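Secondary and tertiary structure notes
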Amino acid sequence: MDILILGGAGQVGTELQAYPWPDDVRVHAPDRQSLDITDEGAVAAAFDARAYAAVIVPAAYTAVDKAESEAAAAWRLNALAPAILAAETKRRGIPLVHVSTDYVFEGTGEGFYAPDAPVNPTSVYGASKAAGEMAVRTGNPRHAILRTAWVVSPHRGNFVKTMLRLAAERDKLTVVDDQHGCPTSAADLAAALATIALRLAQDPSAPTGTFHFVNDGATTWCGFARAIVEGSAKRGGRSVPVEGIPTSAYPTPARRPANSRLSTRSLTDAYGIAPRPWNAALDDILDRLVGPAQ
C-alpha cells in the first residue's frame, strides 16, 4: 500500500515520515521541488506514476502575518492546491486527508468549537484555509478534514523552540495571556492522520467529514510558555519569570483568535482517537529538545 504525504518537510510531515507504519505501507513524501501541488499537470503526472491508497496533505502556507501582504501566495497553496488535489483524487477514487486550522473561526465564541460551528475567518491565512476546506469538501466526497491548532514539535520553528531560545537569552519573558487554545504535538497529530488515512484506504464505509485534533486540555500562550520554561528548568534549563500581557500590547499584522479551543469529541466517536493531555505531549518534546527531567 502506497501513501502520499504532501508537505513532508514541515513539523507534521516530518512526524508522519517517522510514524511506525505497518510493514506493508510505503510512504512517499516528495519535496516541493519534486512536486508542485499548485500545478495541475504535475499533480496528474504524479498520480499517473503510482497508484496511491490515500493522500495526506499537511502542506500549507502557514506564515500567518506574512499572508496579509502575500495573499495570492497564501491562496494559491491553501485554496488552489487543495482544489487540484481533491479533483485528482476523486477522479481516481483515492481518499484525501487534509489538515486545516483553528483560524477558520473568528475566535470570539465561548467554550470549545465543534467541527460544525460556523466559520468566520478574520485573516488572509484563515480565509485561504477555509476556502481550501470547501475545495476538499466539494471536490472529493471521500475526505477527512482535520483541523488543529498550536502545533509544536522538536522540528522546524515553533512556539516551544522559540520560548526555549528566549529563556536562554533573556531575564524575563512577556507573553500574551488572553488568547486561549490547545497545544498540539505534531507527533500525536501525525498518528491521528495516519490512523484516519489507513482506515479510509481500507474501509469504504470509514467516516468522512470534518474533525478536530488537538491535545487534551487548554491554556493561554502565557500558560503554555510557563509550562515550557518550568519543564525546561526540571531538565537543567534556565528558569526565568514569564509575565502575561494583553494581545493589545503585542500587535501583529494578522488578527489572532482569542479562543482557539477545539472539541475533539466527534473524532473520538468516529475513529476512537482520544488525544492525551497537552502537558504529557510537551514533556515528550522537552525530553527530545532538552533532555530527561533530572
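One numbering rule holds for all chains: residues counted from 1, following each sequence as written. Since the coordinates come from a predicted model, pLDDT governs what is reported: local features require at least 70, and pairs of side-chain atoms require 80 or more to be given and counted, while whole-chain, interface and lining totals use all residues. Processing note: side-chain calculations cover all non-hydrogen atoms of the structure and skip hydrogens and water entirely.

Now for the pairing of strand 4 (residues 96-101). Counting buried positions over the six residues of strand 4 gives six, a clear majority of the element. With a 1.4 Å probe rolled over the protein chains alone, any residue whose accessible area is under 20% of its type maximum counts as buried; one over 50% counts as exposed, and the rest are partly exposed. A run of DSSP states H or I qualifies as a helix once it reaches four residues; a run of E qualifies as a strand once it reaches two. Both are numbered from the N-terminal end. Here strand 4 shows a buried face lined by L96, H98 and S100 and a second buried face lined by V97, V99 and T101. Only when DSSP finds a minimum of two bridges between them are two strands counted as paired. Sheet topology places strand 3 (residues 54-57) next to strand 4; three bridges connect them, and they run parallel. Bridge pairing in strand 4 places V57 opposite H98. The handedness rule is simple: strands pointing away from the viewer, and a clockwise path from the first strand over the helix to the second, make the crossover right-handed. Read as a crossover between parallel neighbours, the route from strand 3 over helix 3 (residues 71-92) to strand 4 is right-handed. Since strand 4 and strand 5 (residues 143-148) lie parallel, the crossover through helix 4 (residues 124-139) that links them has a hand, and here it is right-handed.

Our next topic: the sheet that holds strand 5. Spatially, 2-1-3-4-5-10 is the arrangement adopted by the six strands of the open sheet, whose pairing is parallel. Looking at the sheet topology across the chains shown, the edges are occupied by strand 2 (26-28) and strand 10 (209-212). Averaged over all pairs of adjacent strands, the angle between their axes in this sheet comes to 20 degrees, without regard to strand direction. As defined by bridge partners, strand 5 adjoins strand 10 across four bridges and the pair is classed as parallel. Angular values range over 0 to 180 degrees, each being the angle between N-to-C directions of two axes fitted as lines to C-alpha atoms, with helices fitted over their stretch in contact.

As a further point, take the nonpolar core. Put simply, a nonpolar core is a bunch of buried Ala, Val, Leu, Ile, Met, Phe, Trp, Tyr and Cys residues held in one set by side-chain atoms that sit within 4.5 Å of each other. Counting 32 residues, the largest nonpolar core has F159, V160, L173, V175, F224 and I228 as its most contacted members. When residues of this core are traced back to their parent elements, those giving at least two are helix 5 (159-169), strand 7 (173-176), helix 7 (221-234) and helix 9 (278-289). In terms of residue count, the dominant contributor to this core is helix 7 (seven residues). For this analysis, residues touch if any pair of their heavy atoms sits within 4.5 Å. Every residue in contact with V160, bar those within four places of it in the chain, is listed here: V152, F224, I228, L282, I285, L286 and L289. Judged by nonpolar contacts, the second largest core, of 28 residues, contains L16, A190, A197 and L198.

With that settled, consider the UniProt feature "domain: RmlD-like substrate binding" (unreviewed entry) in the protein. The sites that UniProt annotates as "domain: RmlD-like substrate binding" (unreviewed entry) are residues 1-289. This span, residues 1-289, is 40% helix and 15% strand, and a straight line between its end C-alpha atoms measures 33 Å. UniProt positions are given in the numbering used here, feature names are shortened, and annotations may be inferred rather than shown by experiment.

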